[in-house]
Number of protein chains: 6
Amino acid sequence: MNRTQRDRGALRPIQIEEGVQKYAASSLLWSQGDTKVLVAVSIEEGVPPFLKGSGKGWLTAEYALLPASTQVRCKREAAVGKQTGRTVEIQRLIGRALRQALDLDIIGENTVKIDCDVIQADGGTRTAAITAASLALALAADKMAKAGLWPENALKQQIAAISVGIVAGEIRLDLEYEEDSAAEVDMNVVMTDKGSYVEVQGTGEQGDFDRKQLLEMLDLADDGIRELFQLCAKFREERA
Amino acid sequence: MNRTQRDRGALRPIQIEEGVQKYAASSLLWSQGDTKVLVAVSIEEGVPPFLKGSGKGWLTAEYALLPASTQVRCKREAAVGKQTGRTVEIQRLIGRALRQALDLDIIGENTVKIDCDVIQADGGTRTAAITAASLALALAADKMAKAGLWPENALKQQIAAISVGIVAGEIRLDLEYEEDSAAEVDMNVVMTDKGSYVEVQGTGEQGDFDRKQLLEMLDLADDGIRELFQLCAKFREERA
Amino acid sequence: MNRTQRDRGALRPIQIEEGVQKYAASSLLWSQGDTKVLVAVSIEEGVPPFLKGSGKGWLTAEYALLPASTQVRCKREAAVGKQTGRTVEIQRLIGRALRQALDLDIIGENTVKIDCDVIQADGGTRTAAITAASLALALAADKMAKAGLWPENALKQQIAAISVGIVAGEIRLDLEYEEDSAAEVDMNVVMTDKGSYVEVQGTGEQGDFDRKQLLEMLDLADDGIRELFQLCAKFREERA
Amino acid sequence: MNRTQRDRGALRPIQIEEGVQKYAASSLLWSQGDTKVLVAVSIEEGVPPFLKGSGKGWLTAEYALLPASTQVRCKREAAVGKQTGRTVEIQRLIGRALRQALDLDIIGENTVKIDCDVIQADGGTRTAAITAASLALALAADKMAKAGLWPENALKQQIAAISVGIVAGEIRLDLEYEEDSAAEVDMNVVMTDKGSYVEVQGTGEQGDFDRKQLLEMLDLADDGIRELFQLCAKFREERA
Amino acid sequence: MNRTQRDRGALRPIQIEEGVQKYAASSLLWSQGDTKVLVAVSIEEGVPPFLKGSGKGWLTAEYALLPASTQVRCKREAAVGKQTGRTVEIQRLIGRALRQALDLDIIGENTVKIDCDVIQADGGTRTAAITAASLALALAADKMAKAGLWPENALKQQIAAISVGIVAGEIRLDLEYEEDSAAEVDMNVVMTDKGSYVEVQGTGEQGDFDRKQLLEMLDLADDGIRELFQLCAKFREERA
Amino acid sequence: MNRTQRDRGALRPIQIEEGVQKYAASSLLWSQGDTKVLVAVSIEEGVPPFLKGSGKGWLTAEYALLPASTQVRCKREAAVGKQTGRTVEIQRLIGRALRQALDLDIIGENTVKIDCDVIQADGGTRTAAITAASLALALAADKMAKAGLWPENALKQQIAAISVGIVAGEIRLDLEYEEDSAAEVDMNVVMTDKGSYVEVQGTGEQGDFDRKQLLEMLDLADDGIRELFQLCAKFREERA
């Protein structure tokens, strides 16, 4: 399980293409190594029943693997008639994380829908989706504030996420699919740009991990996420 | 309903990007004006029950609009748990058309799966999907033959498709969404590269049409499709 | 693939039985050769969300094969929990065609539901359903106008449909199941009683077709549909 | 709740039309007053998993109301994607009752499928379906034995069923819809032609009933069912 | 098929544990021999559409086997995505029976939901559920009246139910699973505390039954149900 | 948000009742404060397709809230026809955790099914389910080894889990529902009896958390889980 030409603490190269879907409030094609996620932010009038009349908004996320995104083609969930357990788990995580980024009091009774469609899945799709979605959300919030459609910029803070794991006994950042599928331990870390945790999910897939390993994984994740924030901030500035 | 800077018989500009999905046998991002369709060809072992033991292969297609592909975000079918009637109708058309392109006797008991995911929907997604899928299928067949995985090139003939319609009384080729949604008559034409029809579907959405109009629409479609075949042939040659 | 005692341009004998379902606004059992379709028109208060408040009505159709209607019993869709792609495609076609027959401005915010249940399927069920439904709709519109429930007769025009195809190289009208399943080309034509086209769907099932064949098929269809309109007009007059 | 011109212990007039669905092993359109049920018997190879290798056959039934069969159009279950609780309950009753009619050891590992589609629902559809299905099954068993496809006549005994109830305090046989919907007590009785009970289902819809009323209802049902058996026997003889 | 130490007309020993689910309006764990059913009564605001504005309430029941309640683990219906026909039939029976116990005019536009979850299934789960639910409903009605939430005690009458059957030619009360699965005839009887029938469902599973046997089964059921009412009355008094 | 009479680092009182479901390989009713989970272990022949022929076994878990288990009755998923996202997420977690407890090589091609049905939900149902399931699995493994049905004791290690969170700024162990629903941060920790982590899932529900808080939460969880292991070991010994 060798990763050539990349340090165990290094992120994969990231490319960001904006505006792939012109009808969305904002959209990004996010590439992190060979993982490619298309993220779109849409804004719809109305909120779920439990928020009606509250004056507050809501945010949800949906996630899917395109059938040809995986090594072996995966079934189209719409044709099967059911989302897999993995999909449900991931889109709940994305929604939960992104709700930490947005001030739901500012946006009124509107719902922000975040679509994350994986074009190519080479590991770390859920964390890539979160980072990309947070950046897309920032761009949408900038636009809505500038257009006067939202009374002020509704972005509370930025969110970013990275995977980290133990592969062949070594702690590594930003696992590729080959590493991910062989990892003893797999951890997804979601943080705010203020440096605190929004979500920490460590799973012993083929083993377990002790406190020391946990802390080393968090150290690597902290560094990686700091780098992601710099990258996103730069992207946002350049286009402002 | 004006179309600026495009003749009523002109195709929208076409761009083709290959290899967007590395795990597929072949994949293309096909842009026709602002319509963008991601097409992937996958090859799976086995055939549906009615072909087991026949020694013949099969081909099916699946189609979806990404939620943010449309002017107003459309619901994710996987979340709803059901494909819409429109989706079902379109993917059956694509499958039927593409089965005319492939020699199912050559590929053995394997199934070719064609995924057509619409990234941006600005009219004519089903015809764009057919033309793109036919080109992708050709590339996959070239590759399979070259690799010796299929005994010979399984492509029988190329297929291409275009929409044509009557908008504000004028017959026009390759309708954009604004035109499409206001069209009196909408027709989809699928042809082989030998110049005969595989499928002709004319629908009076807001009216009906006479024999003369039908023939004029077919004339425009014939020309457009001829142009599409030249374009595809050129693309295939350049990369051969 | 011989059709005994019927000319290649001849319709199968047609029988019409009215009033089979007494609770419907109108109902017909339409037999065309051995194809039998039970058609019922129901009128329900209310319209789909996109028409609420518009003052306009709507029309939809539903289609099903009874399980024992086919040579080999087909599965009951209600038991499977899902309509097949073929069913969805056909009922969309029927609805689209019949909306051309009815003036939706006259009927107020009501929905006309057309149920087409195939008792016996010997080819041409979708076109038989359209012709039968158009006649049943005319009868219902007559009744509603006479009863003063609709302000005037809401029938804009009559619709009729027929299948035509190429079987063993020969162009034939009104295909039976044996012909249909062996046809090289299969075409469904829907027309108004003013002689223009509402829908033309030609499909090369096992081959393709050129312009000349297309025109010959349309000629045969035109004649067959003219005959259907005479038959329906006679039926409607006799009972007026 | 008056029933004109019919004694409280009288059956509604019954009409039987054979061969409505030519592809089925046997089919009947059974009219009992204004209740009309189309019943078809199909024979399929194979049995459910729990009988594989047993050498025994199986029988199941499916039931549906056509949408326009009821006073107010009912929803098409295939479109809803789910059978109603009422449908499930009825088809389980029909299947259970009819399994008493057939010798499952004789038919080998085949499954008899009984389709009961209600064309018009004016009360007593489930009992009409059972009686009609039993007669259709007898005709199919005769045919299979004569053709040598089943080693001997697989019909063990005939089955018939009738509804009986208490309406406005009066015990009545063979309730029409108007009576049925107002009945205090509703009872369905299924018997063999040897005079014993296969199923007795009495329900206090709007009240309860004592032992004396139960016995009076059974007396009426016994007489009605005896008459049904005479009628079915006569029909079967006439066509033998 | 011997039942040791229990007379053919004897009930199994019954144990009642109250308050197992603290959030419900009332809840009972009902043990009848080795059959254990957890019953809970919940009260929800609102009624189904057909009762809106009527001022009347409604009552429905839901039933499930826990997967590990049966000899061979049964599939979890929520995971399958569909309730079995047996479940649907049983919960309709429970709901129908319990609606006879409650005065729906008193409770206003509220819906009583009765959940019957079978912890261990050793025969007679549906009848145990009905008796237990009736007692739980009585406790809830007492509580609602005492708390002034319902204007008066909404319990019209008590309901109880028991199974009876013919096993190895012998008529027996309150069948255990071993008996039930081998029974020639199986009958469920539901009665009011005034001694009349609410529901009588006799089924010849492996045979049929004559009038004399029917009456003997009813005699046994009458006695058993009388005993159940005494037991429930005693339980209710002791805790009042 | 006061918790009376319980230290912020104290577990709620735990009660364990064995053998509630006699047909299961083992079953426990686990009460932790007012949270009650019924856990059953079933063993079925066969494995999922991806393990066929491997000689290895498999383990899966299913989870459900009984409708009346929650403060406001929740919908029965079987009736809705779909498990909620929360259910799917939880049962995947339980399955993943428990697969760490069992040596899948020892049990042959069999599948262990763990059913976790929540009788009463007062917070911490998923962690209670994991601890209870691990104990039940140990009991089942003891039994299978003793009976010689599994060649040796298949339990690799014990697993236990606990929730910990930040409520009103205070770090607390084993949150009750009132605390859970108001928690700023909610964390579930799953550990082996060797003291290492199997799963760590920390979520900032209404806020985020820093490294120091994370470590304090883990400290509390470590202590709580150690206590759970003592309790389970004692239970297992006493009954051995």
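The rules behind each value
- Residues numbered from 1 in each chain as written.
- Chains lettered and ligands numbered in written order.
- Predicted model: local features only at pLDDT ≥ 70, side-chain atom pairs only at ≥ 80, totals over all residues.
- Heavy atoms only, no water.
- Helix = DSSP H or I, 4+ residues; strand = E, 2+ residues; numbered from the N terminus.
- Rg over C-alpha atoms; globule rule 2.2 N^0.38 Å.
- Buried < 20%, exposed > 50% of the residue type's maximum accessible area, 1.4 Å probe, protein only.
- Contact = heavy atoms within 4.5 Å.
- Lys, Arg positive; Asp, Glu negative; His and termini not counted.
- Charge placed at Lys NZ, Arg CZ, Asp CG, Glu CD.
- Buried area = accessible area lost by both parts, 1.4 Å probe.
- Salt bridge = Lys/Arg side-chain N within 4 Å of Asp/Glu carboxyl O.
- Polar contact = N/O pair within 3.5 Å; in protein donor to acceptor, adjacent residues only side chain to side chain.
- Nonpolar A, V, L, I, M, F, W, Y, C, P; charged D, E, K, R; others polar.
- Least-squares fit on C-alpha atoms with pLDDT ≥ 70 in both.
- Core = buried A, V, L, I, M, F, W, Y, C linked by side-chain atoms within 4.5 Å.
- Axes fitted to C-alpha atoms, helices over the stretch in contact; angles between N-to-C directions.
- Left-handed = near helix turned anticlockwise from the far one by under 90°.
- 1 Å grid on protein atoms, 1.4 Å probe; cavity = no way out; pocket = protein on both sides within 12 Å on 5 of 7 lines; lining within 4 Å.
- Points joined across faces, edges and corners; volume = space filled by probe spheres on them.
- Phe/Tyr/Trp six-rings, centres within 6.5 Å; stacked < 30°, edge-to-face > 60°.

Student: Even after reading the chapter, I still don't get the overall build of chain A, so can you show me in this structure?
Tutor: Across its full length, chain A holds 5 helices and 9 strands. Its helices and strands taken in sequence order, chain A reads β-β-β-β-α-α-β-α-β-β-α-β-β-α from the N to the C terminus. The C-alpha radius of gyration of chain A comes to 18 Å, within 12% of the 18 Å expected for a compact globule of 240 residues. Judged by the C-alpha coordinates and their principal axes, chain A covers about 50 × 40 × 30 Å. Evaluated residue by residue, chain A yields a buried proportion of 61% over its 240 residues. Long-range pairs, those at least 24 residues apart, make up 68% of the contacts in chain A with a sequence separation of at least 6. Both charge centroids of chain A, one from 29 positive and one from 37 negative side chains, sit 4 Å from each other.

Student: Looking at this model, I keep getting lost on the interface of chain A and chain B. Mind explaining?
Tutor: Many analyses report the size of an interface as the accessible area lost when the parts associate. Taken together, the 36 residues of chain A in the interface contact 36 residues of chain B. Between chain A and chain B, roughly 3000 Å² of surface is buried when both sides are summed, and carbon and sulfur atoms account for 48% of that area. On the chain A side of the interface with chain B, the three residues burying the most area are A:Tyr23, A:Arg73 and A:Arg76, jointly 26% of the side's total. There are 16 salt bridges connecting chain A and chain B. Of the charged contacts in the structure, one is a salt bridge between A:Asp115 and B:Arg73, with a shortest N-O distance of 2.7 Å. For the pair chain A and chain B, the number of links is 22 residue pairs in polar contact (both at pLDDT 80 or more). Every element with two or more residues in the side of chain A that touches chain B is listed here: strand 3 (35–45), strand 4 (58–65), helix 1 (77–80) and strand 5 (110–120) of chain A. Per-element tally for the side of chain A that touches chain B: the top contributor is strand 5 of chain A, with 6 residues. Here the side of chain A that touches chain B is built from residues that sort into 15 nonpolar, 8 polar and 13 charged.

Student: Looking at this model, I keep getting lost on the relation of the copies chain A and chain B. Mind explaining?
Tutor: Related by rotation about an axis and a shift along that axis, the two copies of the chain form a pair. With an RMSD of 0.0 Å, the fit of chain A onto chain B corresponds to turning through 180 degrees and sliding 0.0 Å along the axis. These values place the two chain copies in the arrangement generated by a two-fold rotation axis.

Student: When you look at the nonpolar core in this model, what are you seeing that I'm missing?
Tutor: Among the nonpolar cores identified, the biggest contains 146 residues, and B:Leu98, B:Ile114, B:Leu137, C:Leu98, C:Ile114 and C:Leu137 are the most heavily contacted of them. Not counting chain neighbours up to four residues away, the residues in contact with C:Leu98 comprise C:Leu59, C:Ile114, C:Ile130, C:Ala133, C:Ser134 and C:Leu137.

Student: Where do I start with the packing of helix 2 (residues 85–99) of chain A against helix 3 (residues 125–146) of chain A in this structure?
Tutor: Between two packed helices, the angle of one axis relative to the other and the distance separating the axes together describe the packing. All names here are of chain A. Viewed as axis vectors pointing N to C, helix 2 and helix 3 meet at an angle of 35 degrees, and their least axial separation amounts to 10 Å. In this structure, the crossing between helix 2 and helix 3 has a hand that is right-handed. When helix 2 is examined against helix 3, the residues Arg-86, Glu-89, Ile-90, Leu-93, Ile-94, Ala-97 and Leu-98 are found in contact with a partner set consisting of Thr-125, Arg-126, Ala-129, Ile-130, Ala-133, Ser-134 and Leu-137. Taken together, the residues of the contact of helix 2 with helix 3 sort by class into 9 nonpolar, 2 polar and 3 charged.

Student: What is the right way to read empty space enclosed by the protein from this model?
Tutor: Think of a ball as big as a water molecule: rolled over the atoms, this probe shows where empty space is left. Taken as a whole and judged by the stated rule, the model has 4 cavities of 30 Å³ or more. Considering the residues around the largest cavity, the lining is formed by 16 residues, among which A:Ala64, A:Arg76, B:Ala64, B:Arg76 and B:Ala78 are closest to the centre. Counting only elements with at least two residues in the lining of the largest cavity, the list comes to strand 4 and helix 1 of chain A together with strand 4 (58–65) and helix 1 (77–80) of chain B. The residue makeup of the lining of the largest cavity, split by class, is 10 nonpolar, no polar and 6 charged.

Student: Is there a simple way to explain the pattern of salt bridges in this structure?
Tutor: Think of it this way: side chains of opposite charge can pair up when their charged atoms draw near. Enumeration according to the criterion identifies 138 salt bridges over all chains in this entry. Residue C:Asp223 is joined to C:Arg226 by a salt bridge in which the shortest nitrogen-to-oxygen separation is 3.2 Å. Of the two residues, C:Asp223 and C:Arg226 are both situated in helix 5 (residues 211–239); the distance of 3 residues between them amounts to about one turn of the helix. Taking the relative accessible area as the measure of exposure, C:Asp223 reaches 44% and is therefore partly exposed. The salt bridge involving F:Lys234 is made with F:Glu238; its shortest N-O contact spans 3.8 Å. Of this pair, F:Lys234 and F:Glu238 both sit in helix 5 (residues 211–239), 4 residues apart, which is roughly one turn of the helix. Take F:Lys234 and F:Glu238: they sit in the same class, and that class is exposed. A single salt-bridge network, built from bridges that share partners, covers A:Glu44, A:Glu62, A:Lys113, A:Asp115, A:Asp117, B:Arg73 and B:Arg76.

Student: Looking at this model, I keep getting lost on the environment of D:Val37. Mind explaining?
Tutor: The residue D:Val37 is located in strand 3 (residues 35–45) in this model. Sequence separation of D:Val37 and D:Ile130 is 93 residues, and the distance between their C-alpha atoms is 10.0 Å.

Student: Just checking my understanding: could you explain the packing of aromatic side chains for this structure?
Tutor: Here the distance between the centres and the angle between the planes together describe a pair of aromatic rings. Residues and elements named next belong to chain D. Taken as a whole, this structure holds 12 aromatic pairs over all chains when the rule is applied. Measuring from centroid to centroid gives 5.2 Å for Phe-50 and Trp-58, while their planes differ by 85 degrees, and the two rings are edge-to-face. The exposure class of Phe-50 is exposed, given its relative accessible area of 58%. Residue class for Trp-58 comes out buried when judged on its relative accessible area of 19%.

Student: Even after reading the chapter, I still don't get the environment of E:Asp117, so can you show me in this structure?
Tutor: The topology assignment puts E:Asp117 in strand 5 (residues 110–120). Assessed through its relative accessible area of 3%, E:Asp117 is described here as buried. Not counting chain neighbours up to four residues away, the residues in contact with E:Asp117 comprise E:Lys36, E:Val37, E:Leu38, E:Ala64, E:Leu66, F:Leu66, F:Pro67 and F:Arg76.

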